[in-house]
Every structure is written in structure tokens, then in C-alpha cells.
Amino acid sequence: MMEVVSQGIPPFERFYLEHRNEVLGYLRRLLGQRAEDAWQETFLRALRAYDRLQNARNLRSWVFTIATNVAMDELRTKPQLPVDGEPVAEIRRDAFRELEHLTGDLPPTERAAVVLRYGYDLPYAQIADALGSSEDAARAAASSGVRRLRRTHERHA
Amino acid sequence: MNVTLELDAQFRAAALREGLVDVRYDIVDSPVGELFVAATDRGLARISYFPDGMEDVLARSFGPRVLRLPLDDVRRELDEYFAGKRRTFDLPLDLRVAPFHAAVLAELARVPYGETDTYGALAAKAGSPRAARAVGTVMNRNPIPIVLPCHRIVGASGALTGYAGGLEIKRHLLQLEGAKLT
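Notes on the structure in this doc start here. Just so it is clear, the model here is predicted, and its values are computed rather than measured.

What counts as what
- Residues numbered from 1 in each chain as written.
- Chains lettered and ligands numbered in written order.
- Predicted model: local features only at pLDDT ≥ 70, side-chain atom pairs only at ≥ 80, totals over all residues.
- Heavy atoms only, no water.
- Helix = DSSP H or I, 4+ residues; strand = E, 2+ residues; numbered from the N terminus.
- Buried < 20%, exposed > 50% of the residue type's maximum accessible area, 1.4 Å probe, protein only.
- Arc of directions from axis to C-beta.
- Contact = heavy atoms within 4.5 Å.
- 1 Å grid on protein atoms, 1.4 Å probe; cavity = no way out; pocket = protein on both sides within 12 Å on 5 of 7 lines; lining within 4 Å.
- Points joined across faces, edges and corners; volume = space filled by probe spheres on them.
- Nonpolar A, V, L, I, M, F, W, Y, C, P; charged D, E, K, R; others polar.
- Core = buried A, V, L, I, M, F, W, Y, C linked by side-chain atoms within 4.5 Å.
- Phe/Tyr/Trp six-rings, centres within 6.5 Å; stacked < 30°, edge-to-face > 60°.
- Lys NZ or Arg CZ within 6 Å of the ring centre and 35° of its normal.
- Buried area = accessible area lost by both parts, 1.4 Å probe.
- Salt bridge = Lys/Arg side-chain N within 4 Å of Asp/Glu carboxyl O.
- Polar contact = N/O pair within 3.5 Å; in protein donor to acceptor, adjacent residues only side chain to side chain.
- Pairing = 2+ DSSP bridges.
- Axes fitted to C-alpha atoms, helices over the stretch in contact; angles between N-to-C directions.

Another point: the overall build of chain A. Helix and strand counts for chain A come out as seven helices and zero strands. Secondary structure elements of chain A occur, N-terminal to C-terminal, as α-α-α-α-α-α-α.

A separate point is helix H6 (residues 132–140) of chain B. Residue and element names in this part refer to chain B. Among all positions of H6, only Val 135, Val 138 and Met 139 are buried. Down the axis of H6, the buried side of the element spans an arc of 100 degrees, and every buried residue falls inside it. Along its buried surface, H6 packs onto helix H4 (99–108), helix H5 (119–125) and strand E6 (153–154).

Attention now goes to the layout of surface pockets. Residue and element names in this part refer to chain B. Taken as a whole, the largest pocket encloses approximately 360 Å³ of empty space. Lining the largest pocket are 19 residues, and of these Arg 46, Asn 140, Arg 141, Asn 142 and Pro 143 sit closest to its centre. Every element with two or more residues in the lining of the largest pocket is listed here: strand E3 (44–48), helix H2 (54–62) and H6. Here the lining of the largest pocket takes three residues from E3, the largest share from any one element. Along the lines of polarity and charge, the residues of the lining of the largest pocket split into 13 nonpolar, four polar and two charged.

Within the largest apolar cluster, 52 residues are counted, with the highest numbers of intra-cluster contacts made by Phe12(A), Phe15(A), Tyr26(A), Leu27(A), Trp39(A), Phe43(A) and Phe11(B). When contributions to this core are tallied by element, the ones reaching two or more residues are helix H1 (12–31), helix H2 (35–50), helix H3 (59–77), helix H5 (108–119), helix H6 (124–131) and helix H7 (135–156) of chain A together with helix H1 (5–17) of chain B. Excluding its chain neighbours within four sequence positions, the residues that come into contact with Phe12(A) are Phe43(A), Ala46(A), Leu47(A), Tyr50(A), Phe11(B), Pro64(B), Arg65(B), Val66(B) and Leu67(B). Core analysis: the next-biggest nonpolar cluster, separate from the first, contains 37 residues, Leu44(B), Leu91(B), Leu105(B) and Val135(B) among them.

To continue, consider the packing of aromatic side chains. A full pass over the atoms with the stated rule returns 22 aromatic pairs over all chains. Relative to Phe11(B), the ring of Phe12(A) lies with its centre 6.3 Å away and its plane at 35 degrees, an arrangement referred to as tilted. Taken as a pair, Phe12(A) in helix H1 and Phe11(B) in helix H1 lie in two separate chains rather than in one. For Phe11(B), a relative accessible area of 0% gives the class buried. A centroid spacing of 6.3 Å and a plane angle of 45 degrees characterise the contact between Tyr50(A) and Trp62(A), whose relative ring orientation is tilted. Taken as a pair, Tyr50(A) in helix H2 and Trp62(A) in helix H3 lie far apart in primary sequence, twelve residues in all. Neither Tyr50(A) nor Trp62(A) differs from the other in exposure class; each is buried. Taken together, the aromatic side chains of Phe12(A), Phe15(A), Tyr16(A), Trp39(A), Phe43(A), Tyr50(A), Trp62(A) and Phe11(B) make up a single cluster linked through ring pairs. Just above the ring of Tyr118(A) sits the side chain of Arg117(A); from NZ or CZ to the centre is 6.0 Å. Positioned above the aromatic ring of Tyr124(A), the side-chain terminus of Arg117(A) is 5.3 Å from the ring centre.

Our focus in this paragraph is the interface of chain A and chain B. Across the contact, 29 residues belong to chain A and 29 residues belong to chain B. Carbon and sulfur atoms make up 61% of the area that chain A and chain B hide from each other, which totals about 2,700 Å². In this structure, the salt-bridge partner of Glu13(A) is Arg12(B), at a minimum N-O distance of 2.8 Å. Taken together, the links from chain A to chain B amount to ten residue pairs in polar contact (both at pLDDT 80 or more). Mapped onto the side of chain A that touches chain B, the elements with two or more residues apiece are H1 and H2 of chain A. Looking at the side of chain A that touches chain B, its residues break down into 15 nonpolar, four polar and ten charged.

Next up on the list: the environment of Asp117(B). Residue and element names in this part refer to chain B. Residue placement: Asp 117 occurs in strand E5 (residues 117–118). In this structure Asp 117 comes out as buried when scored by relative accessible area, which is 14%. For the pair Asp 117 and Arg 152, spaced 35 residues apart in sequence, the C-alpha to C-alpha distance is 6.3 Å. The residues contacting Asp 117, other than those within four sequence positions of it, are Val 111, Lys 125, Arg 152, Ile 153 and Val 154.

Turning our attention to the sheet that holds strand E4 (residues 66–68) of chain B. Residues and elements named next belong to chain B. Taken in spatial order, the four strands make up an open sheet running E3-E2-E1-E4, and their pairing is mixed. Each edge of the open sheet carries a strand with a single partner, namely E3 and E4. Strand after strand, the sheet turns through a mean of 25 degrees between neighbouring axes, direction not considered. By the bridge criterion, five bridges tie strand E1 (residues 23–28) to strand E2 (residues 35–39) in an arrangement that is antiparallel. Within E2, the residue paired with Val 28 across the bridge is Leu 35. Where H2 meets the sheet, it contacts E1, E2, E3 and E4, and its direction lies at approximately 150 degrees from that of E3.

Here you go:
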């Protein structure tokens, strides 16, 4: 029997079932109604690279990295911001829940950093991977995003 | 935020269209229980009576890009077979086995519908007349049962002997085909 060595990489189906919903949720926060095309592109890119993966560590942050790249491309080429009024059910943190509906006004990098940190509990090291930046820059983007949100929130309050 | 069935189906279809899938699989209902079926671009690669863990088997054998997708041709031919309306399968096969296994399975494929043969006879036809026991192993590891009809191979006495899916299923298939059982 010819065996393909895949070093613990789970079958794509399992990876896909595990992450498809949260990636769609993430992209909805970044892109609003434009999320579905970006979601499909994210998993197609993941599939294109999947047989070249070296190990199964951090597949979650890996797919968030791809989703972030797809979303950034989308926001760069069509920068008009989405109308983002949809209530989001699965947000875990109260503070984020309070501010989440305002993230649509943030610059893309700050928005991704805030959503990944407070919506998905990703550590800054993995957010840095997703943004293609240093950990310090990821931390700075998230805190700058949060400051901006607070200012907006206070204006609205 | 749940992915809708429509969006899910669109993604799966796009993945297949772009040639990004190493192996695809589906679960097919049959009178002998759920069958796990898998195919590559080359053809039908697996049928299993035990779906649990088969995605991992596929990933090891064909690559990690394993995706569930409808396998309509396979489903149709199996449905026809179980309805008694099909005696031979027209599906192309993707058989990746060692040379001895390949030789035995090639002979196995020639055992006609509704007839039986013995392990020893099959060994002889494959050019290794004393390898009846090894032929038993090949039958046990047959990657595509039903289509490669290892249920038609019985002991020298005519006893059913063994079957990966269980003797009950072996008997069911032989009765479906109208084979004479001793």
C-alpha cells in the first residue's frame, strides 16, 4: 500500500467542520454582507495549501490568518465599509459585546486585531501571524482599536 | 454564525472543480447497512462497512485533502446492484496495492456474478497455487468489497469461512446474487 506521509495533519473535512462557522462569524464582523465570498475564498486558499502543511499545530490561527488576508484584500480593493447591524450571538466577552457593533468603523488592521483578540481569544502571537506583523504591533493595533472604539462609544452614549 | 447548506455545497463544488481534492467520500445507505465509499480522480478507491475513522485512512493513503462530496455514480451502481438490476460494475477503480494483491484482485474481479470460487482456486489462478492463506489475507484487506466480489470466495468445503463485513453480509450478498450455498 502506497502511504502518503501527512504528519498528523487531520483530514481536511475535519479541519473544515471544526472551523467553518467561526471563520464565517469572523468574516461577517470584518466584512458584513460581503463575508460569504471571502469565506469561500478562505477555505479554497486553505485547501490549496493544505497538502504542503508541515505540521498540525495552530491550524486555528492559520485559518484566521488566511481569513484576515482575504478580508484585507477585500477591504483594500473595495474599501467601502459594510453595513454591519446584525446581532452576533456567540460573542464571549461582555466588553467586546458592548463595542462589537462599532468595529465596522475601525481601520482594517485594528478591526482584525480587536475582533481576533476579544471576539476569538487569540493570543497576540497568533494575531501577529494573522496580521503579518510583530507581536508588539498586533498589541498596539488592538489597543489603538479599543481606544478608538471607546471614543466612538462615548460620543454615541 | 452557521454556514448554510447552500454555502457549504458551493464551497465543496468549487473545491472539486478546482481539482483541490485528493480523495472524496460519501455515505451510501444499503440493505446491508451504511457504506462508506471513496473515490479519487482516477476512480473508486474504497468501500467500507465501518465508516468510523475512515477519513484518517483516506488521508494516509491518498493525501490530507479529504472532502465529503456526493458520489452519484457509485451510489447509483450500488443501488442497482442491491435492487438486483446490476450484475457487473462499470466504475473505474483506483487500486493502490502491492503486486501480489493486485494479481489476486484482478482474478477475483473475473469470478462471475452468482458464482463462488475457493481461496485455493483463486491462488492458483493468480499464479501461486499454494498461497490460499495469503489469498485469504488479500480478501480480508480488499479495499473495494462488493465491487471486487470477495464475498464470492468460500472455503474448499463450501463454508463461507470469513468476511470483513461479517458472515451475515456475505450470505446476504450471495443470496441476492442467487448463488448456491452449501
